[in-house]
Amino acid sequence: MANLNPDIFQEFQQRHFRCSPKFRSANIHAIEAEGFECGIPTLRTSIVTPGELEGWLEKVTVQNQQPGLHLGSTDKNGQRRPKLRVIVGYLGKGQKYDYMMHGQELTPADLHPPLIALPFSRENYEHMCKKLQLPTITTSLLVRNTRPLRGHFQVTRTSSNDLDPVYGMTLSTFSSLLIGVKLGVCISYSPSEGVVNALVLGSGVPEGLAWLQQDLEQLVTLADNPFLIPTLICQRLVEAIYACIDDNFERLHHIEHGSGQTGIMLFGDNGMPVPRGNCEDPNLSIAILGVAQRALAVEAYVRSNILTVRSVKSELLAFPWQQFASLDYERVLAQNELITKQLDFISRTMELALIRVEHLIQRANVQTTAITNLLAQRNNESNRKLAESSTSIARDTRRDSSAMKSIAILTMVFLPATFTATYFGTPAIAALEPSQNLYWIVTLPLTVAVLLVWLLTLRFCLSKGGTWFNW
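Residues numbered from 1 in each chain as written. Predicted model: local features only at pLDDT ≥ 70, side-chain atom pairs only at ≥ 80, totals over all residues. Heavy atoms only, no water.

**Student:** Please clarify how the overall build of the chain should be interpreted in this entry.
**Tutor:** Along the backbone of the chain there are nine helices and seven strands. Counting across all 471 residues of the chain, residues that qualify as buried make up 43%. For the chain, the share of sequence-separated contacts (at least 6 apart) that also reach a separation of at least 24 residues comes to 69%. Looking at the chain as shown, the accessible area adds up to about 25,700 Å², and 59% of this sits on carbon and sulfur atoms. (Helix = DSSP H or I, 4+ residues; strand = E, 2+ residues; numbered from the N terminus. Buried < 20%, exposed > 50% of the residue type's maximum accessible area, 1.4 Å probe, protein only. Contact = heavy atoms within 4.5 Å. Areas by Shrake-Rupley, 256 points an atom, 1.4 Å probe, with all protein chains shown as cover.)

As structure tokens, this is what we get:
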């Protein structure tokens, strides 16, 4: 057992979820906590440029210290050494084809360099991982093709040295820019020295990582506990998820009042009730669909983060603190109790968020049904009016057709007499001076013959299934 590589499965995961990270040199934000040995821990921050990173790493890592000193103690000059070191890096606004938070836009400049890129050169990144002894799977943080690792909190032993073991912790949150934040953290922890080194990477708005420094300043007495930063990330996700849920509820309220299909009163900024609409906006059906889709996505994030919080808690309770004599065990237990209570609070908060999301989905479904029924009712009313209009047009057409048939019959009755009169009026016939009786002798039989031919034709057509109006 002693010859086995304790980090073997992280290497296995890295091979299976192979990724080719992008690199771009950028300034990083370094946060260090020191002063634990005198009981007054403080936080120190600095900006490290790409050109300064290698020298900064050499200065702060174990290899550059005097023999016999620990990172949590002081050097020969009395300078305090930090027990917590956090490197905060901004990856970019997000990935292509990622869910985006409403109102967030990308410009062509955001596409070059890639939307997601590690804020280091390849050489500086490899040097940092080696010096800080970060887990092997660090490169997989927030990379698109490693989605199966999202939401997992893993604790592995990265060093087989029993005298000075090093533990690695990784967490890549199951979230998207739909809730405005994506976070990942890799931690190396040396219990014998009580030192925590962490790389925190995030995407979204550039100022979206300022909260970490503020939280660490308030909880600096717990900063040397390696489970604090994963707890803070879980807390941050709670806040982002609740903000997303509140925004979605606000959208739903406006849709409900825009459609007029609600009995709930909505008050505006002026304190007056907002008048209900009449479903006149043609985009309401698309808007309510967006609310429902967003709610379903947030529900998945909530459920996943509940599992993440439980995983952090179980790993915290299972960690072999008592095996390391260099640790102040009573202090560690007190820290763990506080962190465990906060994790329980986060878990219950996420469960309440799940109830809110389910309520949101139900209301969105009700509103979808109401809008659909209203639009269907309006379509039916429009179809009824169209049918009435068509019936009126058909009635008028039939009336006009009857009038035309009457005119045609009258024309047929008087046409033979008109023809005969015209014929007798020609110069050649008029010279013969025909009598009036001859006119009637010709006209009456001709008229009767024409009517008989018409009646026989009509009877034949009726016998074939035709109607009077068809002919």
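**Student:** Got a minute to help me understand the pattern of salt bridges in this structure?
**Tutor:** Close approach of charged atoms allows side chains with opposite charge to pair. Taken as a whole, this structure holds 17 salt bridges when the rule is applied. Between Arg-363 and Glu-256 there is a salt bridge, and its shortest N-O distance comes to 2.7 Å. Taken together, the residues span a long stretch of sequence, with Arg-363 in helix α7 (residues 329-424) and Glu-256 in helix α5 (residues 228-259) at a distance of 107 residues. For Arg-363, a relative accessible area of 16% puts it in the buried group. Judged by its relative accessible area of 5%, Glu-256 falls in the buried class. (Salt bridge = Lys/Arg side-chain N within 4 Å of Asp/Glu carboxyl O.)

**Student:** Explain α7 here, please?
**Tutor:** In an α-helix, one full turn covers 3.6 residues, which means residues spaced three or four apart are oriented alike. Counted at 1.5 Å a residue, the expected span for α7 with its 96 residues is 142 Å, and the 137 Å between its end C-alpha atoms agrees. The largest bend along α7 reaches roughly 35 degrees and is located at Phe-414, with the proline Pro-416 sitting one to four residues downstream. (Expected span 1.5 Å × (residues − 1). Bend = angle between axes of the 7 residues up to and from the residue.)

**Student:** What exactly am I supposed to notice about helix α9 (residues 436-463) here?
**Tutor:** If you check α9, its first and last C-alpha atoms are 41 Å apart, about what 28 residues at 1.5 Å a residue would give, namely 40 Å. Those residues of α9 lying buried are Tyr-439, Thr-443, Thr-447, Leu-458 and Cys-461. Residues of α9 that are buried sit in contact with α7.

**Student:** Can you help me understand the packing of helix α2 (residues 50-60) against helix α3 (residues 122-132) in this one?
**Tutor:** A packed helix pair is summarised by two numbers, namely the angle formed by the two axes and the spacing between the axes. It is the contact of α2 with α3, at a shortest axis distance of 10 Å, that shows an interaxial angle of 20 degrees. With respect to each other, α2 and α3 are oriented roughly parallel. Of the two possible hands of crossing, α2 and α3 adopt the one that is left-handed. Between α2 and α3, the contacting residues are Pro-50, Leu-53, Glu-54, Leu-57 and Glu-58 on the first element and Asn-124, His-127, Met-128, Lys-131 and Leu-132 on the second. Its residues placed into classes, the contact of α2 with α3 shows five nonpolar, two polar and three charged. (Axes fitted to C-alpha atoms, helices over the stretch in contact; angles between N-to-C directions. Parallel < 35°, antiparallel > 145°, perpendicular 65-115°, else oblique. Left-handed = near helix turned anticlockwise from the far one by under 90°. Nonpolar A, V, L, I, M, F, W, Y, C, P; charged D, E, K, R; others polar.)

**Student:** Is there a simple way to explain the pairing of strand β1 (residues 28-34) in this structure?
**Tutor:** Where a strand is regular, its side chains alternate between the two sheet faces. Counting buried positions along β1 yields six of seven residues, so the element is predominantly enclosed. Alignment of β1 against strand β2 (residues 42-48), held across seven bridges, turns out to be antiparallel. Looking across to β2, one finds that Ile-31 is bridged to Thr-45. When β1 meets strand β3 (residues 84-92), the two strands line up antiparallel, connected through five bridges. If you follow His-29 over to β3, its bridge partner there is Val-88. (Pairing = 2+ DSSP bridges.)

**Student:** Please explain the packing of aromatic side chains as it appears in this structure.
**Tutor:** Two aromatic rings, taken as a pair, are described by how far apart their centres are and by the angle between their planes. By the definition in use, this model includes 11 aromatic pairs. When the centroid spacing of 4.8 Å and the interplanar angle of 65 degrees are considered together, the rings of Tyr-167 and Phe-319 count as edge-to-face. Here Phe-319 lies in the loop between α6 (284-318) and α7 and Tyr-167 lies in strand β5 (residues 167-172), a separation of 152 residues in the sequence. Given a relative accessible area of 9%, Tyr-167 falls into the buried group. Judged by its relative accessible area of 4%, Phe-319 is buried. Taken together, the aromatic side chains of Phe-153, Tyr-167, Tyr-189, Phe-227, Phe-319, Trp-321 and Phe-324 make up a single cluster linked through ring pairs. (Phe/Tyr/Trp six-rings, centres within 6.5 Å; stacked < 30°, edge-to-face > 60°.)

**Student:** Sorry if this is basic, but what is going on with the side chain of Gln-213 here?
**Tutor:** Structurally, the position occupied by Gln-213 is in helix α4 (residues 210-218). There is a polar contact of 3.4 Å between the side chain of Gln-213 and the side chain of His-29. Excluding anything up to four places from it in sequence, Gln-213 contacts His-29, Ile-31, Leu-43 and Thr-45. (Polar contact = N/O pair within 3.5 Å; in protein donor to acceptor, adjacent residues only side chain to side chain.)

**Student:** I tried to follow the nonpolar core on my own but got confused; where do I start?
**Tutor:** With 72 residues, the main nonpolar core has Val-86, Ile-179 and Ile-229 as its most contacted residues. Considering every element that reaches this core, the biggest residue donor is α5, with 15 residues. Those residues in contact with Ile-229, other than ones at most four positions away along the chain, are Leu-84, Val-86, Val-185, Ile-187, Ala-198 and Val-200. The next biggest cluster of nonpolar side chains, apart from the first, holds 18 residues, and it includes Ala-30, Phe-120, Tyr-125 and Leu-134. (Core = buried A, V, L, I, M, F, W, Y, C linked by side-chain atoms within 4.5 Å.)

**Student:** Explain unusual backbone geometry here, please?
**Tutor:** The general pattern is negative phi for most residues beyond glycine and trans for most peptide bonds. In the Ramachandran plot, Gln-133 falls in the positive-phi region, its phi being about 55 degrees despite a non-glycine side chain. The residue Gln-133 is located in the loop between α3 and β4 (153-157) in this model. With a relative accessible area of 40%, Gln-133 lands in the partly exposed category.

**Student:** Whenever I open this one, the side chain of Asp-224 confuses me. Can you help?
**Tutor:** Counting through the fold element by element, Asp-224 comes out in the loop between α4 and α5. Classification of Asp-224 by relative accessible area gives buried; the value is 8%. Within the structure, the side chain of Asp-224 is placed 2.6 Å from the side chain of Arg-331, a separation counted as a polar contact. At 2.8 Å, the side chain of Asp-224 forms a polar contact with the side chain of Gln-335. With residues up to four places along the chain from it excluded, the contact list for Asp-224 reads Phe-36, Lys-83, Tyr-189, Gly-194, Val-196, Arg-331 and Gln-335.

**Student:** When you look at the packing of α6 against α7 in this model, what are you seeing that I'm missing?
**Tutor:** Two numbers describe how α6 lies on α7: the axes approach to 9 Å, and their chain directions differ by 160 degrees. Taken together, the axes of α6 and α7 are roughly antiparallel relative to one another. Relative to α7, the crossing made by α6 is left-handed. Residues that form the contact of α6 with α7 fall into these classes: 24 nonpolar, six polar and seven charged.

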